[in-house]
Amino acid sequence: MSFDVAPCSNLAEFSDAVFAIGQYFGMEPTEERMERFSRNLPFERMHAAREDGMTVGGAGAFPFEMTIPGGVVPTAGVTVVGTFPTHRRRGVLRSLMRAQLDDVHKRGEPVAALWASEETIYGRFGYGMASLNGSVTVPREGSAFAQPLEPAGRVRLVEAAEALELFPQVWDAVRRAIPGMLGRSRDWWEHRILFDSPENRQGGGPKRLALLETDGRAEGYAIYRHKFAFREGEPDSELAVVEAVALDGRPTAEIWRFLLDVDWMVRTTAGLLPVDHQLWQLLATPRRMKMRLGDGLWVRLVDVGAALSARAYAADGAVVFDVRDAFCPWNEGRWKLEGGTAERTDADADLACDVTALGATYLGGFTWAELVRGGRAEELTDGAAARADAIFGTWRAPWCPEIF
Ligand SMILES: CC(C)(COP(=O)(O)OP(=O)(O)OC[C@H]1O[C@@H](n2cnc3c(N)ncnc32)[C@H](O)[C@@H]1OP(=O)(O)O)[C@@H](O)C(=O)NCCC(=O)NCCS
């Protein structure tokens, strides 16, 4: 069955479409909440699926700029995808994905990215698992650093108004170097990152905002919550890090030393960390943080030629891909990547794969060798995966510190 799918044009339509998933979050779609949400998601980037004029599903796409190896690329940040429980498994999601990817393609955004609520949903629409993220629980007694830290900076608590001016400076310095990080507008900072709805505290206190400065220059920040508890007269509190971002090296060490040393906290928890986080090098006993891994960003190349040509590569050489893309057939066929540019070719292919494999390797989160071993790509010429990996090589793991 196919449904009538169209972009929203006002707040009422927008609210109905967002409620398609909002109801699963137990959300009350108040006007205040929807108005706030729409500041970062323009009405026309929210598609609604309707049956007999009634909204039965919705899917949105934030207009992001995402860092990729060697630069940034306009990216559709797919979000709030949902189908009413009354209409599940009747093709609503498929109709929404069709309209949304056609729209993204028309807009000239070569890449789409998302966080998946379930891993089984988005592969059929061409998204590949592109990064991993780690969660840690650092016990106080396992929080010592391997090497003494000579602090050069000063940490102070700030209010939201000051954070709104200074945190973005740190973010912008860091995010341009790490694939998977996103540009953030002032509205994004104000209405998402620094906004602190009591409903989202999950047993913690309000967001605390800490700024690290060295010689008056903002070099790092942390957003965290106290989860206060005392048991039988002894502290059993947890410090829950929402986001900690700092320049590489000493500033990152200093902001984490601050977080790990807050009194009464018997453990510090953090999620959405990159797999190569500096804590592995800083901690004397990194095993004790027990990093758990999960899938992070899922990436889809909406325009294979434009997306591959937007990236930087680590080595010269050529590789020809034979790409299958059932959902976006304009990408199907053979593509030659050479000298940083991908063009259509009649040459014999080196690697055959579904478009999901190109998404998986795009940010450097997975290698072609891994995909071949796992049956997600096929080597057609000897050593093709190793050659492709030399070309695609990146210098650090992708990181998206935020579920959107
Ligand atoms: C996930 C969800 C959006 C699916 O919507 P839907 O309208 O029922 O999906 P469709 O009927 O269009 O299904 C399209 C295809 O996806 C498959 N599919 C749908 N939901 C799936 C799931 N949860 N896991 C695996 N496959 C799924 C269908 O079997 C169908 O497969 P086919 O193309 O081989 O026939 C809907 O169940 C929902 O709103 N869930 C709760 C909120 C949520 O998880 N949203 C996603 C946020 S990232």
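Residues numbered from 1 in each chain as written. Predicted model: local features only at pLDDT ≥ 70, side-chain atom pairs only at ≥ 80, totals over all residues.

### Looking at the site of the ligand
Part 1 of the reasoning: Taken together, 18 residues are adjacent to the ligand, and Thr-83, Val-92, Leu-93, Ser-117 and Thr-120 come closest.
Part 2 of the reasoning: When contributions to the shell around the ligand are tallied by element, the ones reaching two or more residues are β4 (71-83) and α3 (92-107). (Near = placed C-beta within 6 Å. Helix = DSSP H or I, 4+ residues; strand = E, 2+ residues; numbered from the N terminus.)

### Regarding the pairing of strand β16 (residues 298-301)
Part 1 of the reasoning: Going residue by residue along β16, you find Trp-298 and Arg-300 tucked away on one face and Val-299 and Leu-301 tucked away on the opposite face as well.
Part 2 of the reasoning: With 4 bridges connecting them, strand β5 (residues 111-114) and β16 associate as antiparallel partners. Among the inter-strand pairings, Ala-112 is bridged to a residue of β16, identified as Arg-300.
Part 3 of the reasoning: Judged from the 2 bridges that link them, strand β6 (residues 128-129) and β16 form a sheet pairing that is antiparallel. For Met-129, the partnering residue across the bridge sits in β16 and is Trp-298. (Buried ≥ 20, exposed ≤ 12 C-beta atoms within 10 Å, placed from the backbone. Pairing = 2+ DSSP bridges.)

### Thoughts on unusual backbone geometry
Part 1 of the reasoning: Positive phi, normally seen in glycine, also occurs at Val-80, with a value near 35 degrees.
Part 2 of the reasoning: Within the secondary structure layout, Val-80 lies in strand β4.
Part 3 of the reasoning: Since 21 C-beta atoms lie within 10 Å of it, Val-80 is described here as buried.
Part 4 of the reasoning: Despite not being glycine, Asp-215 shows a phi value in the positive range, around 50 degrees.
Part 5 of the reasoning: Along the polypeptide, Asp-215 turns up in the loop between β9 (208-214) and β10 (217-227).

### Observations regarding the sheet that holds strand β14 (residues 265-273)
Part 1 of the reasoning: Pairing is mixed across the open sheet formed by 7 strands, whose spatial order is β8-β9-β10-β13-β14-β7-β15. At either margin of the open sheet sits one strand with a lone partner, and together these are β8 (154-157) and β15 (292-295). Within this sheet the neighbouring strands show an average axis-to-axis angle of 25 degrees, counted without direction.
Part 2 of the reasoning: By the bridge criterion, 4 bridges tie strand β7 (residues 132-139) to β15 in an arrangement that is antiparallel. Across the sheet, Ser-135 pairs through a bridge with Arg-292, a residue of β15.
Part 3 of the reasoning: Together, β9, β10 and β13 (237-246) form the strand contacts of helix α4 (residues 160-175), whose direction differs from that of β10 by roughly 115 degrees. (Axes fitted to C-alpha atoms, helices over the stretch in contact; angles between N-to-C directions. Contact = placed C-beta atoms within 7 Å.)

### Structural notes on the sheet that holds strand β21 (residues 377-379)
Part 1 of the reasoning: With mixed pairing, 5 strands are arranged side by side in an open sheet as β19-β18-β17-β20-β21. One side of each edge strand has no neighbouring strand; the edge strands of this open sheet are β19 (341-344) and β21. Averaged over neighbouring strand pairs, the angle between their axes works out to 25 degrees when direction is ignored.
Part 2 of the reasoning: Relative to β21, strand β20 (residues 351-354) runs antiparallel, the two sharing 3 bridges. From the neighbouring strand, Leu-351 faces β21, where its bridge partner is Glu-379.
Part 3 of the reasoning: Of the strands in this sheet, β17 (318-324), β20 and β21 touch helix α9 (residues 355-362), which is tilted by about 95 degrees from β20.
Part 4 of the reasoning: Each of β17, β18 (333-338), β20 and β21 is contacted by helix α11 (residues 384-392), which is oriented at about 105 degrees to β17, the strand it contacts most.

### A word on the confidence of the model for the protein chain
Part 1 of the reasoning: Here the protein chain averages 97 in pLDDT, and 100% of its residues register 70 or above.
Part 2 of the reasoning: Mean pLDDT values for the elements of the protein chain range from 92 in strand β12 (residues 234-235) up to 99 in β5. (pLDDT = per-residue confidence, 0-100.)

### Brief notes about the pairing of strand β3 (residues 54-68)
Part 1 of the reasoning: Burial analysis of β3 places 12 of its 15 residues in the buried class, the great majority of the element.
Part 2 of the reasoning: Relative to β3, strand β2 (residues 46-51) is paired through 6 bridges, and the arrangement is antiparallel. Looking across to β3, one finds that Arg-50 is bridged to Thr-55.
Part 3 of the reasoning: The turn joining β3 and β4, which pair antiparallel and follow one another in sequence, is formed by 2 residues; a positive phi near 85 degrees is taken by Gly-70.

### A closer look at α3
Part 1 of the reasoning: Taking 1.5 Å per residue as the helical rise, α3 with its 16 residues ought to reach 22 Å, and the 23 Å between its terminal C-alpha atoms agrees with that figure.
Part 2 of the reasoning: What α3 keeps buried is the set Val-92, Leu-93, Ser-95, Leu-96, Met-97, Gln-100, Leu-101 and Val-104.
Part 3 of the reasoning: Contacts made by the buried residues of α3 are with β1 (4-7), β2, β3, β4 and β5.
Part 4 of the reasoning: Looking one or two residues beyond α3, the residue adopting positive phi is Gly-108, at roughly 80 degrees. (Expected span 1.5 Å × (residues − 1).)

### Here's the deal with the packing of helix α1 (residues 11-22) against helix α2 (residues 31-38)
Part 1 of the reasoning: Between α1 and α2, whose axes approach to 10 Å, the crossing angle comes to 95 degrees. The orientation of α1 with respect to α2, classified from their angle, is roughly perpendicular. Of the residues in α2, those in contact with Leu-11, Phe-14, Ser-15 and Val-18 of α1 are Met-34, Glu-35, Phe-37 and Ser-38.
Part 2 of the reasoning: A per-class count over the contact of α1 with α2 returns 5 nonpolar, 2 polar and 1 charged. (Parallel < 35°, antiparallel > 145°, perpendicular 65-115°, else oblique. Nonpolar A, V, L, I, M, F, W, Y, C, P; charged D, E, K, R; others polar.)

### Notes on the domain arrangement of the protein chain
Part 1 of the reasoning: As far as domains go, the protein chain holds domain 1 (4-109), domain 2 (133-294) and domain 3 (303-392).
Part 2 of the reasoning: The gap between the C-alpha centroids of domain 1 and domain 3 is 30 Å.
Part 3 of the reasoning: Contact with domain 1, which involves 7 residues of that partner, is made by 10 residues of domain 3.
Part 4 of the reasoning: Of all the secondary structure elements, the ones that give two or more residues to the side of domain 1 that touches domain 3 are β4 and α3.
Part 5 of the reasoning: Grouping the amino acids of the side of domain 1 that touches domain 3 by side-chain chemistry returns 4 nonpolar, 3 polar and no charged. (Domains from an automatic or database assignment.)

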